[in-house]
Amino acid sequence: MSASGGTKAIVAALAANLAIAVAKFVAFLFSGSSSMLAESVHSLADSGNQGLLLVGGKKAQREATPQHPFGYGRERYIYAFLVSIVLFSVGGMFAIYEGYEKIKHPHEIEHWYWPVGVLVFAIIAESFSFRTAIKESNALRGKLTWTQFVRRAKAPELPVVLLEDLGALVGLVLALGGVGLALATGDGVWDGIGTLCIGVLLIVIAIVLAAETKSLLLGEAAGTEEVEKIEQALVDGDTVTGVIHMRTLHLGPEELLVAAKIAVQHDDTAREIADAINAAEDRIRAAVPIARVIYLEPDIYSEEAAAAGTNPARSPGGTPPETGH
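Residues numbered from 1 in each chain as written. Predicted model: local features only at pLDDT ≥ 70, side-chain atom pairs only at ≥ 80, totals over all residues. Heavy atoms only, no water.

What to know about the pairing of strand E1 (residues 240-252)
Argument step 1. Sheet topology note: the E1/strand E2 (residues 255-264) ladder contains 10 bridges and is antiparallel. Counterpart to Leu249 in the pairing with E2 is Leu257.
Argument step 2. Between E1 and E2, which follow one another and run antiparallel, lie two residues. (Pairing = 2+ DSSP bridges. Helix = DSSP H or I, 4+ residues; strand = E, 2+ residues; numbered from the N terminus.)

Description of the packing of helix H1 (residues 7-31) against helix H2 (residues 34-59)
Argument step 1. The interhelical angle for the contact between H1 and H2, taken along N-to-C directions, is 155 degrees, at an axis separation of 8 Å. Accordingly, the angle class assigned to the pair H1 and H2 is roughly antiparallel. Considering only the axes of H1 and H2, their crossing is left-handed.
Argument step 2. When the residues that make up the contact of H1 with H2 are grouped by side-chain class, the tally is 14 nonpolar, seven polar and three charged. (Axes fitted to C-alpha atoms, helices over the stretch in contact; angles between N-to-C directions. Parallel < 35°, antiparallel > 145°, perpendicular 65-115°, else oblique. Left-handed = near helix turned anticlockwise from the far one by under 90°. Nonpolar A, V, L, I, M, F, W, Y, C, P; charged D, E, K, R; others polar.)

Describing the nonpolar core
Argument step 1. Membership of the largest hydrophobic core comes to 40 residues, with the highest contact counts inside it found for Leu53, Leu87, Leu119, Val160, Val161, Ile205 and Leu209.
Argument step 2. For this core, the elements supplying multiple residues, two or more each, are H1, H2, helix H3 (75-104), helix H4 (113-141), helix H5 (146-152), helix H6 (157-185) and helix H7 (189-218).
Argument step 3. If one sorts the elements of this core by residue count, H6 sits on top with 10 residues.
Argument step 4. If we skip the residues at most four places from it in the chain, Val161 touches Ala9, Ile10, Ala13, Leu53 and Ala133.
Argument step 5. By size, the runner-up hydrophobic cluster in this structure holds 21 residues, among which are Ile230, Val240, Ile277 and Ile290. (Core = buried A, V, L, I, M, F, W, Y, C linked by side-chain atoms within 4.5 Å. Buried < 20%, exposed > 50% of the residue type's maximum accessible area, 1.4 Å probe, protein only. Contact = heavy atoms within 4.5 Å.)

The following block contains the structure:
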């Protein structure tokens, strides 16, 4: 996995979650707090999720094969989508079930210092993990807001870790609040309410992750800045006089497919056009290094063809107008 995949953030989150999961489960055994049980399962699910992201990154590095000629870059999207499923089912649904049971059959929390101490430790550990994820993300997000970064990032690992760490910190505060209110009032129902809130939080995060990774799985185009760079690189003003239409598609976070129909002069020779295409490919790769698969089709410019090319709905299956060849 490349550095942009956030390997450091994933490893930091994995180490923190494994340690926290053990501590929370020990606290649950001593205190009987349902919030602690839900949080221990949450941390265990997060640890499994980080493992899935690492596996996805490793599998994505495999070389292309005749059966998969564009490689395995999208493996990272598939494993990120699995993370949202695990977070929803193992983390969120379990916490809601446990919270419901605790509200229905409340009991006092024993040895209060165990859950409180572990929750404070967990908040500190998760804060360090969250800090690492923020630092890794800041190197990539530029001027984007955090919401824009999560929605536009082509590498799924950092948005996943960011949302997981944020959810973990909010969940820990909810658990601490539930345990604190249960101790202050002597009513274990508050512990169950805190657990229920944790479950709802995890399900909301899982839905957001699923929606974003689904978009990546379907196939997203290059960003606006990259598209502009590619268009500028295509045109040399001599042989290539313009871009009739162009499509881009992320084959993986660091691999972009570019397919374009370019306008050439009607009296250019085949040799001149071939040389111009090769030169255009070199310019594209220099401007946007992740543009690794490039297909350029020369054509004589016509307004009808250009108009058809700007409508993505028509290109895959529609009947385009007559072109100039």
